[in-house]
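# Observations on chain architecture
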Amino acid sequence: MTTGAYVRLGRLATRVSRLWLGTVNFSGRVEDDDALRLMDEALDRGINCVDTADIYGWRVHKGHTEELVGHWLAKSGRRDDVVLATKVGGEMSERINDGGLSARHIVTACEQSLRRLGVDCIDLYQMHRIDRAAPWDEVWQAMENLVASGKVCYVGSSNFAGWHISEAQASAHRRNTLGLASEQCLYNLAVRHAELEVLPAARHHGLATLAWSPLHGGLLSGVLGKLAAGTAVKSAQGRAQVLLPALRPAIEAYEAFCDRIGRPPAEVGLSWVLSRPGITGAVIGPRTVEHLDSALRATELRLDDDQLAELDRIFPPVGRGGPGPEAWAD
């Protein structure tokens, strides 16, 4: 990736790569030594953002992935090259206050994340999901104290509705503070309901928007071909398999389309996400260096207007034949 591949973090001045290295697959689907290598390889290829969360690594223990990232930062000496993002709000234990977005938990969780990561400051501290029990004055008081003390640089959100973003920003403006820097949302060809309110709200307020699961857990990476060949790993489980029965005709058409244009489905799906208005970047979860290289090739793929129109026919937006959010509710 060249310098031209970097963009501003929404309305803010910090520059970030279009791809963010997500770590949700570490400590479970990716062995620790391979994860350390992936982080090195990602930075060597120009990715400057590493995204994690305090609950990641739960297959070993919650917090393990932050510990792993911290070990890598200490070993590699590359802290200054990384925009480091983590999240708060998930349930860390069965203790009654060890989760959510109370001021008490935000401050305690931040201290614990800093310790596990081995850093003095978290560049982007994201609320993992909305906490309807936490008033915004309480949330912002905690976040402002962390920023003022130099422990957090920017605050972001994840999995917020459009009105949550607007409410958060209105509260921050009343307090004369910066408010949210970014929103990280589920967004891909198969699940497009973020286009209804989340993306417009984020653009209106100048937030960077980061798409997580841009291939929907492997659903858009050639799942039918992999299942037929017996090579499916992630795409044979989880959210990919939940949606596959309902979307099989569309997935068949999609994989046929990718065959016609001569590009792998994973690269087409990721390229489409990165082409969308308002999308700052995509959080990828490669399990191998080959997956990483495929994602980088997607940043160079430019789908033409006819190809984009064909993808809209295969996966229509909400309101033009595509399913709304309720179709994917648990």
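About the thresholds
- Residues numbered from 1 in each chain as written.
- Predicted model: local features only at pLDDT ≥ 70, side-chain atom pairs only at ≥ 80, totals over all residues.
- Heavy atoms only, no water.
- Buried < 20%, exposed > 50% of the residue type's maximum accessible area, 1.4 Å probe, protein only.
- Helix = DSSP H or I, 4+ residues; strand = E, 2+ residues; numbered from the N terminus.
- Arc of directions from axis to C-beta.
- Contact = heavy atoms within 4.5 Å.
- Core = buried A, V, L, I, M, F, W, Y, C linked by side-chain atoms within 4.5 Å.
- Right-handed = clockwise from strand over helix to strand, strands pointing away.
- Pairing = 2+ DSSP bridges.
- Polar contact = N/O pair within 3.5 Å; in protein donor to acceptor, adjacent residues only side chain to side chain.
- Phe/Tyr/Trp six-rings, centres within 6.5 Å; stacked < 30°, edge-to-face > 60°.

Next up on the list: helix 6 (residues 198-205). Taken residue by residue, helix 6 has Val-198, Leu-199, Ala-201, Ala-202 and His-205 as its buried positions. Seen end-on, helix 6 carries its buried residues on one side only, within an arc spanning 165°. In helix 6, those exposed residues whose orientation departs by more than 90 degrees from the buried face are Arg-203 and His-204. For helix 6, the elements touching its buried residues are helix 5 (162-174), strand 8 (180-186) and strand 9 (208-212). One or two positions beyond helix 6, positive phi appears at Gly-206, with a value near 75°.

Counting residues in each nonpolar core, the largest one holds 90 residues, and the members touching the most others are Tyr-125 and Met-143. Residue contacts for Tyr-125: discarding those within four places in its chain leaves Thr-86, Lys-87, Val-88, Ile-106, Ala-109, Cys-110, Met-143, Leu-146, Val-152, Tyr-154, Val-155 and Gly-156. Residues Leu-9, Val-16, Leu-124 and Val-283 belong to the second largest nonpolar core, which totals 13 residues.

Moving on: unusual backbone geometry. We note that Asn-176 has phi near 60°; this positive angle belongs to a residue other than glycine. Position of Asn-176 among the secondary structure elements: in the loop between helix 5 and strand 8. Classification of Asn-176 by relative accessible area gives exposed; the value is 72%. The backbone of His-216 shows a phi angle near 50°, a positive value even though the residue is not glycine. As for its position among the elements, His-216 is in the loop between strand 9 and helix 7 (223-229).

As a further point, take the pairing of strand 6 (residues 122-127). The buried fraction of strand 6 is high, at 6 of 6 residues. Read from strand 5 (residues 83-88) through helix 3 (residues 103-117) to strand 6, the crossover connection turns out right-handed. Looking at chain direction, strand 6 and strand 7 (residues 152-158) are connected through 5 bridges and run parallel. Bridging across to strand 7, Ile-122 finds its partner in Val-152. Regarding topology, helix 4 (residues 136-148) serves as the crossover connection from strand 6 to the parallel strand 7, and that connection is right-handed.

Our focus in this paragraph is the side chain of Asp-312. Note that Asp-312 resides in helix 11 (residues 305-314). A distance of 2.8 Å separates a polar atom in the side chain of Asp-312 from a polar atom in the side chain of Arg-192. Apart from the residues within four sequence positions on either side, Asp-312 is in contact with Arg-192, Pro-317 and Arg-320.

All chains considered together, the criterion is met by 5 aromatic pairs. Relative to Trp-140, the ring of Trp-136 has its centre 5.8 Å away and its plane inclined at 25°; by these criteria the two rings are stacked. Taken as a pair, Trp-136 and Trp-140 lie in helix 4 at a separation of 4 residues, close to a single helical turn. No difference in accessibility class separates Trp-136 from Trp-140, as the two residues are buried. Centre to centre, the rings of Tyr-187 and Trp-272 are 5.5 Å apart; their planes meet at 40°, and the pair counts as tilted. On the criterion of sequence distance, the pair formed by Tyr-187 in the loop between strand 8 and helix 6 and Trp-272 in helix 9 (residues 265-275) is long-range, its members being 85 residues apart. Here the two residues Tyr-187 and Trp-272 agree in accessibility, since each one is buried. Put simply, the rings of Trp-136, Trp-140 and Phe-160 touch in pairs and so form one group of aromatic residues.

Turning our attention to the environment of Glu-31. Inspection of the secondary structure puts Glu-31 in the loop between strand 3 (19-22) and helix 1 (32-44). For the pair Glu-31 and Ala-53, spaced 22 residues apart in sequence, the C-alpha to C-alpha distance is 18 Å.

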